[in-house]
Amino acid sequence: MTAARSPVRAGGLRVIRGEGQRREEPLASRDAVARVLMEAGADMLLRRITPTRAAEIERRVDRVLDLFDRVDAAPVLMPVLKRHLDELEALMRETREVRAARR
């Protein structure tokens, strides 16, 4: 492969073609839930969502993260965690729609 066609740049970074669209991931892990919080914080700082909406997302993320910990100790709470994850996903879908409408 020639240097002009090589996917590796001089600094060792590779460009990944993402088609300009962010792929939504299911909220199935603590890491995914934490990324929701970071997304909301960035959106609030960029004024794409209101501080009130960001605070609600933060409240729900805190609750879900607490439930993840509680499910580790008591797996019987998994349906409760699942319900809260579904509610957080619905809130984030709505938030992304609001954010898209403001652009």
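Check the entry above for the structure.
Fair warning: this is a prediction, and the values are worked out from it, not measured in the lab. (Residues numbered from 1 in each chain as written. Predicted model: local features only at pLDDT ≥ 70, side-chain atom pairs only at ≥ 80, totals over all residues. Heavy atoms only, no water.)

*Asks:* What is the right way to read the overall build of the protein from this model?
*Replies:* The helix and strand tally for the protein stands at three helices and zero strands. If you list the helices and strands of the protein from N to C, you get α-α-α. Within the protein, the proportion of its 103 residues that are buried is 24%. Across the protein, the fraction of contacts at a sequence separation of at least 24, relative to all contacts at a separation of at least 6, is 56%. (Helix = DSSP H or I, 4+ residues; strand = E, 2+ residues; numbered from the N terminus. Buried < 20%, exposed > 50% of the residue type's maximum accessible area, 1.4 Å probe, protein only. Contact = heavy atoms within 4.5 Å.)

*Asks:* Would you mind going over helix α1 (residues 30-45) with me for this structure?
*Replies:* What sets the pattern is the α-helix's 3.6 residues per turn: residues three or four places apart point alike. Between the first and last C-alpha of α1 there are 23 Å, a value that for 16 residues agrees with the 22 Å anticipated at 1.5 Å per step. Buried residues of α1: A32, V33, V36, E39, A40 and D43, and no others. Viewed end-on, α1 has its buried residues packed into an arc of 110°, placing them on one side of the element. The exposed set on the far side of α1, more than 90 degrees from its buried face, consists of D31, M38 and L45. (Expected span 1.5 Å × (residues − 1). Arc of directions from axis to C-beta.)

*Asks:* In this structure, what is going on with the nonpolar core? I would like to understand it.
*Replies:* For soluble globular proteins, the rule of thumb is that nonpolar side chains tend to be buried together. One finds V33, I57 and L88 to be the most contacted residues of the largest nonpolar core, which totals 18 residues. Looking at this core, the elements that each hand over two or more residues are α1, α2 (51-73) and α3 (78-102). Ranked by the residues each element gives to this core, the list is headed by α2, at seven residues. In this structure V33 touches L27, V61, V64, L65, F68, L85 and L88, once residues within four positions along its chain are discounted. (Core = buried A, V, L, I, M, F, W, Y, C linked by side-chain atoms within 4.5 Å.)

*Asks:* Just checking my understanding: could you explain the environment of L88 for this structure?
*Replies:* As for its placement among the helices and strands, L88 is situated in helix α3. In this structure L88 touches L27, V33, V36, R60, V61 and V64, once residues within four positions along its chain are discounted.

*Asks:* What's the story with the pattern of salt bridges in this structure? I'm lost.
*Replies:* In total, this model carries eleven salt bridges according to the counting rule given. E39 is paired through a salt bridge with R96; the nearest N and O atoms lie 2.8 Å apart. Linking E39 in helix α1 with R96 in helix α3, this pair joins segments that are 57 residues apart in sequence. For R96, a relative accessible area of 18% corresponds to the buried category. Salt-bridge contacts for E56 lead to R60; the nearest nitrogen and oxygen are separated by 2.7 Å. Placement of the pair is E56 and R60 together in helix α2, with a separation of four residues, close to one helical turn. (Salt bridge = Lys/Arg side-chain N within 4 Å of Asp/Glu carboxyl O.)

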